[in-house]
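# Inside the fold
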Amino acid sequence: MSFGGSLLSFRGAGLNSLWKKFRSGPRSKLQFFHASSRKFEAASKAPSPLESSKFLKNTHEEALKNPELVNTAAANGETKRMNMFQSINDALCVAMTTDETAVVFGEDVSFGGVFRATLRLVEMFGRDRVFNTPLTEQGIVGFGIGMAAMGHTAIAEIQFADYIFPAFDQLVNEAAKYRYRSGGMFNVGGLTVRSPSSAVGHGGHYHSQSPEAYFAHTAGLKVVIPRSPIQAKGLLLASIRDRNPVVFFEPKILYRSSVEQVPVGDYELPLGKAEILKPGKDITIVGYGSQIYVLESAIQMAEKNIPGITCELIDLRTILPWDVDTVAKSVNKTGRLVISHEAPKTSGFAAEISATILERCFLRLEAPIERVCGWDTPFPLVFEPLYTPSMIRCYDAIMEESDDLTDEKHDKHLDTKYIKIPNSKDRSPFRFIK
């Protein structure tokens, strides 16, 4: 077998006949393969939703307009154009400048790390405070727990979230329970674990996973996922200074693709508080991380195709603890809810949101809650565009939720009397008919 030309050239007993058999038939399997490849290629080359996002602050004025910055040192200060890895680097610089006990460690962090989030820190703060570790995630987190228990601010990096699982025991059984099992005598609140997560377009099943739901099940931890450079800096500084161990997942596809004017001063954004990015009255849409931009595009398409409806988009930001009150208040207003994340659907965090909102808002719901998530399979490589919850899948979910809304808006213009009768073909239990 040799690699000649654009296809494999098969040589040897029986292989030529197998190749002819593969190409034969009413519809050539090779034609099917090429047609499928073209579809995957077209899907993967779709325009990035970040290119036209209204949620990225591209001017000095927009960046400082955030009401959460009002009482911070950044309120009336300068801003600088940064992408997300640069804003994370800036947050680490601020944290280490203002806290002499802060240390940064992990695999390859001394030369900047795989994504350059720790670039130049070793030159600024020295090798005693910024240093490489062996390739052992369990050891990295265990070491961080020890440093935090002795009063240091330990900022650990796990190179990819997919490899955080060897450290699962240290995070779930040690870090999360340290204060509780000592009756409050000791704690490891100074521990923050950073890790790149989520899809990147070519990561396959070992560099694309979203494991946040595993840790959201653990009392004693906080779990944070930012959507942009401004958010990443403020949330990371809040995580480092919070007196609880925090797992900070960074959507790696945003490292270079998301760019904003970021305040250069010292500021924090609140943990456990969701942000309403777009107000609306008809459907509540909930997401976090890079999925926010996919939802933004889906909402724009839905509102264009159904004039008159408006969707309320909420970024959770913190997964544990999550802001139940903000989401419940929105759903009580709209009566409808769509939740989306990249992680698999079964036992994904959308299931927790769905169950809680069903308990809180049952009598106000006008339609079944929709979850748009990754499929219950290992994360694929070539099939990534089909695995991740795309704009079209999110749009379809919004359209499902808005079925009866379109009927109601149409009925208001008709000057006839209607009665309600059950209709099993429709998603909602009743439809207006003449």
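The rules behind the values
Residues numbered from 1 in each chain as written. Predicted model: local features only at pLDDT ≥ 70, side-chain atom pairs only at ≥ 80, totals over all residues. Heavy atoms only, no water. Core = buried A, V, L, I, M, F, W, Y, C linked by side-chain atoms within 4.5 Å. Buried < 20%, exposed > 50% of the residue type's maximum accessible area, 1.4 Å probe, protein only. Helix = DSSP H or I, 4+ residues; strand = E, 2+ residues; numbered from the N terminus. Contact = heavy atoms within 4.5 Å. Pairing = 2+ DSSP bridges. Axes fitted to C-alpha atoms, helices over the stretch in contact; angles between N-to-C directions. Salt bridge = Lys/Arg side-chain N within 4 Å of Asp/Glu carboxyl O. Expected span 1.5 Å × (residues − 1). Parallel < 35°, antiparallel > 145°, perpendicular 65-115°, else oblique. Left-handed = near helix turned anticlockwise from the far one by under 90°. Phe/Tyr/Trp six-rings, centres within 6.5 Å; stacked < 30°, edge-to-face > 60°. 1 Å grid on protein atoms, 1.4 Å probe; cavity = no way out; pocket = protein on both sides within 12 Å on 5 of 7 lines; lining within 4 Å. Points joined across faces, edges and corners; volume = space filled by probe spheres on them. Nonpolar A, V, L, I, M, F, W, Y, C, P; charged D, E, K, R; others polar.

So, on to the nonpolar core. One finds Ile-88, Leu-92, Val-130, Ile-283, Ile-285, Leu-313 and Ile-398 to be the most contacted residues of the largest nonpolar core, which totals 64 residues. With 9 residues, helix H4 (residues 84-98) is the largest single contributor of residues to this core. Those residues in contact with Leu-313 that lie beyond four places of it in its chain are Phe-55, Glu-275, Ile-276, Leu-277, Lys-278, Ile-285, Ile-292, Leu-295, Glu-296 and Ile-299. Ranked by size, the runner-up nonpolar core spans 50 residues in total, among them Ile-145, Ala-156, Val-223 and Leu-320.

With that settled, the discussion passes to the sheet that holds strand S12 (residues 318-320). Paired through their backbone hydrogen bonds, the strands of a sheet run either parallel or antiparallel. Strand order in the open sheet formed by 7 strands is S3-S2-S4-S5-S7-S6-S12, with mixed pairing between adjacent strands. What marks the edges here is a single partner per strand, and that holds for strand S3 (130-132) and S12. Strand-to-strand, the axes of this sheet are offset by a mean angle of 20 degrees, without reference to chain direction. By the bridge criterion, 2 bridges tie strand S6 (residues 222-224) to S12 in an arrangement that is antiparallel. Counterpart to Val-223 in the pairing with S12 is Leu-320.

With mixed pairing, the 5 strands of this open sheet are ordered in space as S9-S11-S10-S13-S14. The open sheet has two edge strands with one neighbour each: strand S9 (275-278) and strand S14 (370-374). Going from strand to strand, the sheet's axes swing by 25 degrees on average, the running direction of each strand aside. The pairing of S9 with strand S11 (residues 311-315) spans 3 bridges and is antiparallel. What sits directly across from Lys-278, in S11, is Leu-313. With respect to the sheet, helix H16 (residues 391-401) is in contact with strand S10 (283-287), S11, strand S13 (337-344) and S14, its orientation differing from that of S14 by roughly 170 degrees.

The next thing to look at is the pattern of salt bridges. For the structure on display, the rule yields 16 salt bridges. Linking Asp-266 and Arg-241 is a salt bridge whose minimum nitrogen-to-oxygen distance equals 2.9 Å. Linking Asp-266 in the loop between strand S8 (259-263) and S9 with Arg-241 in helix H10 (residues 229-241), this pair joins segments that are 25 residues apart in sequence. The exposure class assigned to Asp-266 is partly exposed, which follows from its relative accessible area of 26%. Owing to a relative accessible area of 27%, Arg-241 belongs among the partly exposed residues under this scheme. Taking the shortest distance from any N to any O, the salt bridge between Asp-323 and Lys-273 comes out at 3.7 Å. With Asp-323 in the loop between S12 and helix H13 (324-334) and Lys-273 in the loop between S8 and S9, this pair connects stretches of sequence that are 50 residues apart. We classify Asp-323 as buried; its relative accessible area is 8%. Accessibility expressed as a relative area gives 38% for Lys-273, which makes it partly exposed.

A few words on H4. Taking 1.5 Å per residue as the helical rise, H4 with its 15 residues ought to reach 21 Å, and the 21 Å between its terminal C-alpha atoms agrees with that figure. Burial within H4 is extensive, with 12 of its 15 residues counted as buried. Regarding H4, the residues found buried are Met-84, Phe-85, Ser-87, Ile-88, Asn-89, Asp-90, Ala-91, Leu-92, Cys-93, Val-94, Ala-95 and Met-96.

Moving on, we come to the packing of helix H12 (residues 291-305) against H16. Look at H12 against H16: their axes get within 8 Å of each other, and the N-to-C directions meet at 50 degrees. It follows from the interaxial angle that H12 and H16 lie oblique. In the crossing of H12 with H16, the sense of the turn from one axis to the other is right-handed. Residue-level inspection shows Gln-291, Val-294, Leu-295, Ser-297, Ala-298, Ile-299, Met-301, Ala-302 and Asn-305 of H12 in contact with H16, the latter providing Met-391, Cys-394, Tyr-395 and Ile-398.

Looking now at the packing of aromatic side chains. Applying the stated rule across the entire model yields 12 aromatic pairs. The interplanar angle of 10 degrees and the centroid separation of 5.7 Å between the aromatic rings of Phe-105 and Phe-131 together place this pair among those described as stacked. Placement of Phe-105 in strand S2 (residues 102-106) and of Phe-131 in strand S3 is noted, with a sequence separation of 26 residues between them. For the pair shown, Phe-105 and Phe-131 are each scored as buried. Geometrically, the ring pair formed by Phe-168 and Tyr-214 is edge-to-face, given 6.5 Å between the ring centres and 85 degrees between the ring planes. Note that Phe-168 is positioned in helix H7 (residues 168-175) and Tyr-214 in helix H9 (residues 212-216), a separation of 46 residues in sequence. Aromatic rings pair up to connect Phe-165, Phe-168, Tyr-214, Phe-215 and Phe-249 into one cluster.

A few words on empty space enclosed by the protein. Applying the stated rule across the entire model yields 3 cavities of 30 Å³ or more. Each pocket or cavity is described by its volume, and for the largest cavity that value is around 80 Å³. What lines the largest cavity is simply Ser-198, Ser-210, Glu-212, Ile-225, Pro-251, Tyr-288, Gly-289, Ser-290, Gln-291, His-341, Glu-342 and Ala-343. Tallied by class, the residues present in the lining of the largest cavity amount to 4 nonpolar, 6 polar and 2 charged.

Time to look at the environment of Phe-160. Checked against the element boundaries, Phe-160 lands in the loop between strand S4 (153-157) and H7. Taking the C-alpha atoms as reference points, Phe-160 and Val-114, separated by 46 residues in sequence, lie 9.3 Å from one another. Beyond its immediate chain neighbours, meaning those up to four positions away, Phe-160 contacts Val-114, Phe-115, Ser-195, Pro-196, His-207 and Lys-252.

Here the focus is unusual backbone geometry. With the exception of glycine, most residues fall at negative phi, and the peptide bonds are largely trans. At the junction of Leu-320 and Pro-321, the peptide bond is cis and its omega measures out at -5 degrees in the coordinates. As for its placement among the helices and strands, Pro-321 is situated in the loop between S12 and H13. The backbone of Asp-108 shows a phi angle near 70 degrees, a positive value even though the residue is not glycine. Here Asp-108 shows up in the loop between S2 and helix H5 (121-125).

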